[in-house]
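Structure assessment
Chain by chain, the residues run as shown.
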Amino acid sequence: MSNDLMRTIFKGWNILIIAVNVISMIASIVKYGFGPAIIFSALILLVIVLMAYSGLKGNYDTCKKIAVAVLILDAIGMVLGGFAIRTVISTVLAAIYLFMCISLNKY
């Protein structure tokens with residue numbers, strides 16, 4: 001895959017991450033109201049948005065560091081969530097994202 005194509009896919013992936021996480025947060029607030037769990041989720045969302053923003057700016061080193069933390073949090077959530085399909089998919093997507101960060105950081 002060419003470097004330019006991979007950068008384009010990565011930018012699209014970052015936009016998708018931001019959109020999905022913001023929509024998910026809004027849906028959670030509407031469904032469950034505002035509470036301690038929402039505050040924790042908002043902090044995680046902030047980290048993910050920071051990661052995606054770094055990716056959009058082409059700062060792959062920062063993006064990679066944050067992606068490692070997100071992958072660890074997703075893996076913990078997967079274990080604690082009983083390997084539910086949502087948590088497994090989230091962990092796999094985080095691993096793919098980290099792979100893309102590492103690959104793009106080489107160029």
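Analysis parameters
Residues numbered from 1 in each chain as written. Predicted model: local features only at pLDDT ≥ 70, side-chain atom pairs only at ≥ 80, totals over all residues. Heavy atoms only, no water. Helix = DSSP H or I, 4+ residues; strand = E, 2+ residues; numbered from the N terminus. Rg over C-alpha atoms; globule rule 2.2 N^0.38 Å. Buried < 20%, exposed > 50% of the residue type's maximum accessible area, 1.4 Å probe, protein only. Contact = heavy atoms within 4.5 Å. Areas by Shrake-Rupley, 256 points an atom, 1.4 Å probe, with all protein chains shown as cover. Expected span 1.5 Å × (residues − 1). Salt bridge = Lys/Arg side-chain N within 4 Å of Asp/Glu carboxyl O.

Across its full length, the protein holds 4 helices and 0 strands. Secondary structure elements of the protein, listed N to C terminal, follow the sequence α-α-α-α. In terms of C-alpha radius of gyration, the protein reaches 14 Å, essentially the compact-globule figure of 13 Å for 107 residues. Expressed as lengths along the three principal axes of its C-alpha atoms, the size of the protein is roughly 45 × 25 × 20 Å. Relative to its 107 residues, the protein shows a buried fraction of 27%. In the protein, the share of contacts with a sequence separation of at least 24, taken over all contacts with a separation of at least 6, comes to 64%. Put simply, the protein shows about 6,800 Å² of open surface, and 75% of that area lies on carbon and sulfur atoms.

For helix H4 (residues 85-105), built from 21 residues, the straight-helix expectation of 30 Å at 1.5 Å per residue is met to within 8% by its first-to-last C-alpha distance of 30 Å. Listed as buried for H4 are Thr87, Thr91, Ala94, Tyr97, Leu98, Met100, Cys101, Ser103 and Leu104.

The subject of this paragraph is the pattern of salt bridges. According to the stated counting rule, one finds 2 salt bridges in the structure shown. A salt bridge links Asp61 to Lys64; the nearest nitrogen and oxygen atoms lie 3.9 Å apart. Of the two residues, Asp61 and Lys64 both sit in helix H3 (residues 60-80), 3 residues apart, roughly one turn of that helix. On the basis of relative accessible area, Asp61 is assigned to the partly exposed category, the value being 33%. With a closest N to O distance of 3.4 Å, Lys65 and Asp61 form a salt bridge. With Lys65 and Asp61 both in helix H3 and 4 residues apart, this pair spans about one turn of that helix. In this structure Lys65 comes out as exposed when scored by relative accessible area, which is 55%. Three or more residues joined by partner-sharing salt bridges are found here, namely Asp61, Lys64 and Lys65.

Worth remembering: the numbers are spatial, not functional.
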